[in-house]
Amino acid sequence: MPDALFATVDDYLRTQTRGLPGKTSYRIGALDPRTQLAACNAYEPFLPGGARLWGKATVGVRCLGPATWTVYMPVEVSISGSYFVSARPLAGGQPIGPGDIVERQGNLGSLPTSIVTDAAQAIGKTPKSSIGAGQPLRSDLLLAPLAVQQGQNVKLLYRGSGFSVSSDGRALNNAAAGQVVQVRTSGGQTVSGVARADGTVEVSY
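If you're wondering where the values come from, they're calculated on a predicted model, not measured in any experiment. (Residues numbered from 1 in each chain as written. Predicted model: local features only at pLDDT ≥ 70, side-chain atom pairs only at ≥ 80, totals over all residues. Heavy atoms only, no water.)

If you tally the helices and strands in the protein chain, you get one helix and 14 strands. Relative to the compact-globule value of 17 Å for 205 residues, the protein chain shows a C-alpha radius of gyration of 25 Å, a clear excess of over 25%. Each of the three principal axes of the protein chain carries a C-alpha extent, and together these read 75 × 45 × 25 Å. For the protein chain, the proportion of its 205 residues judged to be buried stands at 36%. A sequence separation of at least 24 residues applies to 52% of the contacts in the protein chain between residues at least 6 apart. Here the protein chain displays about 11,500 Å² of accessible surface, and carbon together with sulfur accounts for 48% of that area. (Helix = DSSP H or I, 4+ residues; strand = E, 2+ residues; numbered from the N terminus. Rg over C-alpha atoms; globule rule 2.2 N^0.38 Å. Buried < 20%, exposed > 50% of the residue type's maximum accessible area, 1.4 Å probe, protein only. Contact = heavy atoms within 4.5 Å. Areas by Shrake-Rupley, 256 points an atom, 1.4 Å probe, with all protein chains shown as cover.)

What follows is the structure in structure tokens.
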């Protein structure tokens, strides 16, 4: 492997892994020895579509000139950090409290990218389905608590440039804080707004 190609991938990994949780290290794999690459003066590293630098991954490198070719380098990213597991079996729909989770240390790179690394990502949320004791918690399998429930009477806050008006209505769907909820007003109109944690619905103009 040309030294410049290795250095390009090394620099790219150092930069891209800086924001990951925990202490990060990485290893760059070797190219297939049969790979023949024409001389190159400028390299452009990139991540193949949808990929993440987490665990076993691939970094692509394009040659921008004088030749034009692309190679894919195998890499492995290890992330030493803390994550959270269930302290006891958790039932689906059961809100998670501080006593329901336990912090662990390990290689996050061997776990899913959605692994919970901050207790605040789990406490107050509910599992989509039951979770066994000692299982790593994943944010994509947890639901935020509902701020508004279908059929609930809610206060609508209309906000615009220089004005704020409130009225009452009835929610037509469930929504967590930050999600869109449709509300039927006392006048029979249906409006869309954003649910807030306190159960109000904000409609912006």
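Another point: the confidence of the model for the protein chain. Taken over all residues, the pLDDT of the protein chain has a mean of 92, while the share at 70 or more is 100%. Averaged pLDDT values for the elements of the protein chain fall to 87 in strand 11 (residues 175-176) and rise to 96 in strand 5 (residues 101-107). (pLDDT = per-residue confidence, 0-100.)

Moving on, we come to the sheet that holds strand 14 (residues 201-204). Read around the barrel, five strands follow the order 9-10-12-13-14 and close on themselves; strand pairing throughout is mixed. Here the strands of the sheet are splayed against their neighbours by 50 degrees on average, with no regard to which way each runs. For strand 12 (residues 180-185) and strand 13 (residues 190-195), the ladder comprises five bridges, and the chain directions are antiparallel. Across the sheet, the residue bridging to Val183 is Val191, located in strand 13. (Pairing = 2+ DSSP bridges. Axes fitted to C-alpha atoms, helices over the stretch in contact; angles between N-to-C directions.)

Taken as a whole, this structure holds two aromatic pairs when the rule is applied. Both rings, one in Tyr43 and one in Trp69, keep their centres 6.0 Å apart while their planes meet at 55 degrees; by these two values the pair is tilted. Within this pair, whereas Tyr43 is found in strand 2 (residues 40-46), its partner Trp69 is found in the loop between strand 3 (55-66) and strand 4 (70-86), the two being separated by 26 residues in sequence. Take Tyr43 and Trp69: they sit in the same class, and that class is buried. On the basis of an interplanar angle of 80 degrees and a centroid distance of 6.0 Å, the ring pair of Phe46 and Tyr72 is categorised as edge-to-face. You can see Phe46 sitting in strand 2 and its partner Tyr72 sitting in strand 4, a full 26 residues away along the chain. The class for Tyr72 is partly exposed, based on a relative accessible area of 49%. Its guanidinium or amino end placed over the ring of Phe46, Arg62 lies 3.8 Å from that ring's centre, counting from NZ or CZ. (Phe/Tyr/Trp six-rings, centres within 6.5 Å; stacked < 30°, edge-to-face > 60°. Lys NZ or Arg CZ within 6 Å of the ring centre and 35° of its normal.)

Our focus in this paragraph is the environment of Tyr12. By the element assignment, Tyr12 lies in helix 1 (residues 3-16). Separated by 33 residues in the primary sequence, Tyr12 and Pro45 have C-alpha atoms spaced 6.9 Å apart.

Right, let's talk about the side chain of Thr126 for a bit. Among the secondary structure elements, Thr126 is positioned in strand 6 (residues 126-127). Accessibility expressed as a relative area gives 14% for Thr126, which makes it buried. In this structure Thr126 touches Gly93, Gln94, Pro95, Leu141, Leu142 and Leu143, once residues within four positions along its chain are discounted.

Counting residues in hydrophobic clusters, the biggest one holds 27 residues, and the most contacted among them are Leu53, Met73 and Val75. Of all the elements in the fold, those that place two or more residues in this core are helix 1, strand 2, strand 3 and strand 4. The element that contributes the greatest number of residues to this core is strand 4, accounting for seven residues. Once you skip the residues sitting within four places of it in the chain, Val75 turns out to touch Val9, Leu13, Arg27, Ile28, Gly29, Leu53, Gly55, Lys56, Ala57, Thr58 and Val59. Ranked by size, the runner-up nonpolar core spans 13 residues in total, among them Val148, Leu156, Val191 and Ala195. (Core = buried A, V, L, I, M, F, W, Y, C linked by side-chain atoms within 4.5 Å.)

A few words on unusual backbone geometry. Here the amide bond leading from Gly65 into Pro66 is cis, since omega sits at 0 degrees, within 30 degrees of zero. Mapped onto the elements of the fold, Pro66 is located in strand 3.

Under the defined criterion, the tally for this structure stands at one disulfide. Shown here is the disulfide that connects Cys40 with Cys63, its sulfur atoms set 2.2 Å apart. Negative torsions about the S-S bond denote left-handed disulfides, and the value of about 110 degrees found for Cys40 with Cys63 makes this one right-handed. Taken together, the positions of Cys40 in strand 2 and Cys63 in strand 3 put the pair 23 residues apart, joining distant regions of the chain. Here Cys40 matches Cys63 in class, with each residue buried. (Disulfide = S-S within 2.5 Å.)

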